[in-house]
Amino acid sequence: MARWLVKSEPDAFSWDQQVENGIEPWTGVRNALAAKNLRAMRLGDRAFFYHSNIGKEIVGVVEVVREAYPDPTDETGRWACVDMKAVGPVPKPVSLATIKTMPELAELALIRQSRLSVMPIEPAHWAILCRMGGWTEGGGDAA
DNA sequence: GCCAACGTTGGC
DNA sequence: GCCAACGTTGGC
């Protein structure tokens with residue numbers, strides 16, 4: 001099961017809204033690489049929910065509950081979205097500033113490609129970020 | 001098909 | 001609010 005990180009500006013769509021809505025279509029991605037990543041997501045994949053611009057920190061974990069389908073907010077029909085479900089908040093939000101202090105996280109796309117809004121996270125990096133955030137994966141589904 | 005101009009994102 | 005990075009557009 002793959003791991004990801006998705007960004008949202010809390011002004012536009014925040015973690016609180018994700019929690020309130022439960023399941024929410026992840027729409028509005030209009031970047032080729034980000035879209036490719038979206039299409040590669042599979043049911044049960046998990047992603048960190050990152051607040052860009054305001055907060056600049058990982059605040060929660062979401063899970064893919066519907067794989068890529070045409071983004072209803074896109075008239076051209078060229079772009080895709082997935083449905084995300086809130087799994088839970090990260091007990092200790094992990095800030096960008098903190099991530100930047102860690103040499104072992106220097107290769108993160110979050111840092112190397114600051115404008116990419118949907119990116120894969122390597123298992124080792126996922127584990128480090130989970131530890132930093134005080135997040136423990138629920139019973140045995142971490143495969 | 002190349003490249004300059006422009007717009008957008010996102011950190012600071 | 002500013003600026004750097006980078007994606008996209010449009011002229012040639």
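**Focus on the protein's contact with DNA strand C**
Here's step 1: All residues in the neighbourhood of DNA strand C are listed as N31, A32, Q113 and R115.
Here's step 2: Here the residues of the surface near DNA strand C are counted per class, giving one nonpolar, two polar and one charged.

**Re the confidence of the model for chain A**
The predicted coordinates of low-pLDDT regions are not to be read in fine detail.
Here's step 1: Across chain A, pLDDT averages 93, with 96% of residues at or above 70.
Here's step 2: Here residues 139-143 is a poorly scored stretch, pLDDT under 50, and it has two contacts once near neighbours within four places are set aside; other chains count.

**Details of the environment of A68**
Here's step 1: Considering the arrangement of structural elements, one finds A68 in strand β4 (residues 57-70).
Here's step 2: When the 18 C-beta atoms within 10 Å are taken as the criterion, A68 is described as partly exposed.
Here's step 3: Those residues in contact with A68 that lie beyond four places of it in its chain are L38, R39, M41, A80 and V82.

**Comments concerning the sheet that holds strand β5 (residues 80-95)**
Here's step 1: Strand order in this open sheet of six strands is β2-β5-β4-β3-β1-β6, and the pairing throughout is mixed. In this open sheet, the two strands that pair with only one neighbour each are β2 (23-26) and β6 (118-120). For this sheet, the mean inter-axis angle between neighbouring strands, taken without regard to orientation, is 35°.
Here's step 2: Here strand β3 (residues 46-51) pairs with β4 via six bridges, running antiparallel.

Rules behind the numbers
- Residues numbered from 1 in each chain as written.
- Chains lettered and ligands numbered in written order.
- Predicted model: local features only at pLDDT ≥ 70, side-chain atom pairs only at ≥ 80, totals over all residues.
- Near = placed C-beta within 6 Å.
- Nonpolar A, V, L, I, M, F, W, Y, C, P; charged D, E, K, R; others polar.
- pLDDT = per-residue confidence, 0-100.
- Contact = placed C-beta atoms within 7 Å.
- Helix = DSSP H or I, 4+ residues; strand = E, 2+ residues; numbered from the N terminus.
- Buried ≥ 20, exposed ≤ 12 C-beta atoms within 10 Å, placed from the backbone.
- Pairing = 2+ DSSP bridges.
- Axes fitted to C-alpha atoms, helices over the stretch in contact; angles between N-to-C directions.

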